[in-house]
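# Notes for the structure review
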Amino acid sequence: MESTVLVKAFAILETLAARREPMSLAELTEALTLNKPTIHRILQDLIALDYVKRVSGGVYVLTNKLQRLSQDETSSRLIEIGEDLLNELHEYTNETTNLGVLQQNKISYLLVLESPHPLRRVVGAGTMDPFYSTALGRAIVSHLPETQWPRLMRGAKLRPQTDNTIVDKEVLIDTLRTNLKQGYADEWEENDLGVMCVAVPVLVEKKPVAAISLTVPLARMDRTRERELVATLKKTSAAFAKAIEDS
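Conventions we followed
Residues numbered from 1 in each chain as written. Predicted model: local features only at pLDDT ≥ 70, side-chain atom pairs only at ≥ 80, totals over all residues. Heavy atoms only, no water. Phe/Tyr/Trp six-rings, centres within 6.5 Å; stacked < 30°, edge-to-face > 60°. Buried < 20%, exposed > 50% of the residue type's maximum accessible area, 1.4 Å probe, protein only. Pairing = 2+ DSSP bridges. Helix = DSSP H or I, 4+ residues; strand = E, 2+ residues; numbered from the N terminus. Expected span 1.5 Å × (residues − 1). Arc of directions from axis to C-beta.

### What to know about the packing of aromatic side chains
A full pass over the atoms with the stated rule returns one aromatic pair. Considering the side-chain rings of Phe131 and Tyr132, the 5.9 Å spacing of their centres and the 90° angle between planes classify their relative orientation as edge-to-face. Taken as a pair, Phe131 and Tyr132 share a single burial class, namely buried.

### Some points on the sheet that holds strand β2 (residues 52–55)
The three strands lie next to each other as β1-β3-β2, forming an open sheet whose pairing is antiparallel. Strands with a single pairing partner mark the edges of an open sheet, and in this sheet they are β1 (23–24) and β2. Examined bridge by bridge, β2 and strand β3 (residues 59–62) share four bridges and lie antiparallel to one another. The residue of β3 that forms the bridge with Lys53 is Val61.

### Section: helix α3 (residues 36–48)
Taking 1.5 Å per residue as the helical rise, α3 with its 13 residues ought to reach 18 Å, and the 18 Å between its terminal C-alpha atoms agrees with that figure. Of the positions making up α3, those classed as buried are Thr38, Ile39, Ile42, Leu43 and Leu46. Viewed end-on, α3 has its buried residues packed into an arc of 130°, placing them on one side of the element. Residues of α3 that are exposed and point more than 90 degrees away from the buried face comprise Pro37 and Ala48. Downstream of α3 by a residue or two, Asp50 has a phi angle that is positive, lying close to 70°.

Now the structure itself:
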């Protein structure tokens, strides 16, 4: 491949990554100093290589292949096993769908499938958030031995992300115990204002290897819908755990 073609291909990839939302051929042409036939030809190559995909409406988005290149083996395996299941969850709920793992005292987003709705929280794969202010983090930590909780809290230092963030250790411990009992975690405007998140751990041999979550603006959420989403998340989580065990 000629270097000029390679430069153009990376320009397209970087533009799609920077926009963080689907782009049409016309939008890519406007954003880049390239003609439409050239962009279209390179897009077809990138689609064939599975770096880009064309979705409904004739727009283009990045796949997770670039991200997987930089993941460790365990994270890459989780994405590989869970991607189809999370795509199904995403299509069924039409809400932002996340896969995360605990890294030290933070949650790392391995996979993020954004909601098609204009009103949504945008977070990129590879982003990290504190465990204590996220449903993903609480879903995982609540299923760890309780003796590990104080160490995680000390490392995280429990700083508020919003005015609603739980930063009192005793309150957080009670919350984690509740999360363990009910089998899911949620947070309402604790990590970002205007959105809530509900998450379920992926348990393999009763140990949390990851968690999956849905991030939903408050305008589309109430307690009744939360119960419905929890039931759906639990089904996906169980299927995910079985797929890991069978792999």
